[in-house]
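Examining the three-dimensional arrangement
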Amino acid sequence: MERKEHLKPFAFFAAIVAMIGSFLFGFQTAVISGALRFISEQFHLSLAQQGFLVSILLLGALVGVMLSGVIADALGRKKALILPSVLFCIGAAACALSTSFTYLLIGRLLTGLSVGIVSMTVPLYLAEITTSCLRGRFVAMHQLLITAGILSAYLVNYHYNASGLWHNMFLIALIPSFLQLVALPFVVESPSWLLSKGQRELAYTSFSKLRLDNHWQQSLVSLASFAKGDERKGIFSLFSFPKIRFVIFLGILLNMFQQITGINTLIYYAPKIFEMAGLDGPSDSSLATIGIGAINVLATFLSVTLIEKMGRRLLLMISLIGMFVCMQLLALQALLSDISSPMTAVIALTAFVASFAIGMGPVTVVLVSELYPMKIRGRAMSIATCSNWLFNYVMSFIFLDLLGLLKIGGVFQLYAALCILTILFVYFYIPETKGKSLEEIEASLH
Ligand code: BGC
């Protein structure tokens with residue numbers, strides 16, 4: 001349906017403030033890859049301790065995302081953004097000032113909790129404060145800021161590589177964390193959440209701060225009826241309704257496929273893969289890693305500009321076909337020549353990340369923010385995003401074992417096969433949501 005909905009500059013301000021959380025998500029997940037070597041030297045860490053230091057953030061994120069739905073539905077979207085912002089500040093300060101391995105672990109755990117919470121609450125907030133024709137773009141911007149955070153971490157790591165000042169790598173994260181904390185009290189609460197709590201007057205105020213048009217006034221009655229009513233309490237009760245169960249499984253599977261097709265193997269282990277591919281030494285491979293980070297940002301930016309024109313399904317299909325071709329290439333090259341040509345490996349890896357970034361990265365989070373009815377949106381999104389962190393953790397946990405078992409060529413071949421499975425899943429099950437309001441999507445799916 002054609003609408004003339006327009007946002008006020010204040011809506012962009014609120015979105016930018018929320019998205020500082022997305023930037024920190026990317027930064028904090030990637031910064032450890034550069035800091036680890038120096039931390040291990042200083043605290044004489046064993047391999048197991050190093051592994052624990054890396055994975056404690058993922059574990060924290062898993063707990064954070066589990067809690068995020070209940071927090072966002074019960075306390076509101078704004079409080080669910082403020083909480084991780086506080087934790088981001090404490091976590092970054094604890095890491096930057098840490099004088100022992102234990103402090104560092106506590107800092108990373110708190111950071112992980114915040115990363116988990118923002119991975120759900122930022123896209124949720126963005127989807128609810130925007131209009132239907134801009135929603136895809138806004139939520140895809142969350143992914144763009146994650147990739148910008150990852151790239152910034154690679155650059156910071158590169159900068160401190162010679163001096164080894166790892167405390168500074170974490171200290172830098174305090175600047176955006178603090179800025180966000182100061183700005184968050186000024187953003188508005190999501191009008192949809194206010195309506196779901198029956199706070200019509202406040203919802204009215206929120207809408208008028210966000211919108212230039214007054215289209216929302218005409219649909220206020222229908223919005224309110226979508227937002228309140230049969231509120232299904234508790235996470236498990238969501239599974240007792242067949243239609244909701246189906247859409248929750250769609251979110252769980254989409255997030256699972258996003259992770260098991262190999263993206264983080266490349267993001268986390270890129271330098272190692274480049275070295276195995278024959279690039280000379282750590283500085284060549286960390287430059288190549290920065291290149292990967294930059295391509296990730298650029299291709300995600302392209303996706304932000306295309307998502308409202310091409311729609312979700314087409315972008316996903318293009319993305320997955322590209323990912324499949326690159327993985328297949330990598331697998332073939334590895335099987336035939338044990339990755340003896342570094343250039344082909346670099347090109348195929350880069351093209352894989354670009355293919356992911358154009359679709360599977362941003363579109364997954366966009367769809368998850370659109371598929372669920374207002375009454376249960378926070379909790380349902382938290383379940384779907386939980387699957388993302390769970391499979392992220394599992395994949396990074398089993399990667400080295402898989403490598404031992406299948407060799408690098410076999411691992412790439414497995415990822416390529418999983419890309420095919422994902423193509424079939426998207427083709428048969430994923431609906432197109434472009435241009436529809438959240439209420440129209442809800443009416444068509446539930
Ligand atoms: C994924 C992360 C990944 C990142 C790469 C996100 O959508 O959830 O696991 O590291 O994209 O850009």
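Structural notes, computed from the coordinates. Quantities reported herein were computed from a predicted structural model and do not represent experimental measurements.

Moving on, we get to the side chain of glutamate 370. By the element assignment, glutamate 370 lies in helix α17 (residues 360–370). With sequence-adjacent residues up to four places away left out, glutamate 370 is seen in contact with Arg135, Arg312, Thr433, Leu438 and Ile441.

This part takes up the nonpolar core. Ranked by size, the top nonpolar core spans 137 residues in total, and within it Ile39, Leu53, Trp166, Phe170 and Tyr372 carry the most contacts. Of all the elements, helix α18 (residues 377–429) adds the most residues to this core, at 21 residues. Discounting residues that sit within four places of it in the chain, leucine 53 has contacts with Ile32, Leu36, Ile39, Leu45, Phe101, Leu104, Leu105 and Arg108.

Further remarks concern the side chain of serine 85. Within the fold, serine 85 resides in helix α3 (residues 77–97). Accessibility expressed as a relative area gives 0% for serine 85, which makes it buried. Within polar-contact distance, the side chain of serine 85 engages the side chain of glutamine 180 at 3.1 Å. The contacts of serine 85, once residues within four sequence positions are left out, are Ser177, Gln180, Leu181 and Leu184.

We now examine unusual backbone geometry. The phi dihedral of histidine 44 is positive, around 50 degrees, even though this residue is not glycine. Residue position: histidine 44 is located in the loop between α1 (9–43) and α2 (47–75). Classification of histidine 44 as exposed rests on a relative accessible area of 66%. Its identity is not glycine, yet lysine 407 carries a phi of approximately 65 degrees, on the positive side. Along the chain, the position of lysine 407 falls in helix α18.

Attention now goes to the site of the ligand. Surveying the vicinity of the ligand reveals the residues Gln143, Thr147, Ile150, Gln258, Gln259, Asn264, Asn296, Phe356, Asn388 and Asn392. With respect to the ligand, the side chain of glutamine 258 contributes an N or O atom lying 3.1 Å from an oxygen atom. The side chain of asparagine 264 places a nitrogen or oxygen atom 2.6 Å from an oxygen atom of the ligand. The protein chains hide 93% of the 310 Å² of surface that the ligand would expose on its own. Take the shell around the ligand: its biggest share by element is three residues, from helix α5 (residues 135–160). When grouped by side-chain class, the residues that make up the shell around the ligand number two nonpolar, eight polar and no charged.

Further remarks concern the environment of leucine 151. Tracing the chain through its elements places leucine 151 in helix α5. As for leucine 151 and valine 297, which are separated by 146 residues in sequence, their C-alpha atoms are 7.6 Å apart. Other than its neighbours up to four places away in sequence, leucine 151 contacts Ile290, Gly293, Ala294 and Val297.

Along the polypeptide, alanine 96 turns up in helix α3. By relative accessible area, which is 8% here, alanine 96 ends up buried. The residues touching alanine 96, leaving out its near neighbours within four places in the chain, are His167, Phe170 and Leu171.

So, on to the pattern of salt bridges. Per the stated rule, a full pass over the model turns up seven salt bridges. For the salt bridge of glutamate 128 with arginine 377, the shortest nitrogen-to-oxygen distance reads 2.8 Å. With a gap of 249 residues between them, glutamate 128 in helix α4 (residues 101–129) and arginine 377 in helix α18 connect regions that are remote in the sequence. Note that arginine 312 is salt-bridged to glutamate 370, the shortest N-O span being 2.6 Å. Placement of the pair is arginine 312 in helix α15 (residues 312–337) and glutamate 370 in helix α17, with a sequence separation of 58 residues. Look at the salt bridges and you will find they share partners, linking Asp73, Arg77, Glu128, Arg377 and Arg379 into a network.

Rules and cut-offs
- Residues numbered from 1 in each chain as written.
- Predicted model: local features only at pLDDT ≥ 70, side-chain atom pairs only at ≥ 80, totals over all residues.
- Heavy atoms only, no water.
- Helix = DSSP H or I, 4+ residues; strand = E, 2+ residues; numbered from the N terminus.
- Contact = heavy atoms within 4.5 Å.
- Core = buried A, V, L, I, M, F, W, Y, C linked by side-chain atoms within 4.5 Å.
- Buried < 20%, exposed > 50% of the residue type's maximum accessible area, 1.4 Å probe, protein only.
- Polar contact = N/O pair within 3.5 Å; in protein donor to acceptor, adjacent residues only side chain to side chain.
- Near = heavy atom within 4 Å.
- Areas by Shrake-Rupley, 256 points an atom, 1.4 Å probe, with all protein chains shown as cover.
- Nonpolar A, V, L, I, M, F, W, Y, C, P; charged D, E, K, R; others polar.
- Salt bridge = Lys/Arg side-chain N within 4 Å of Asp/Glu carboxyl O.

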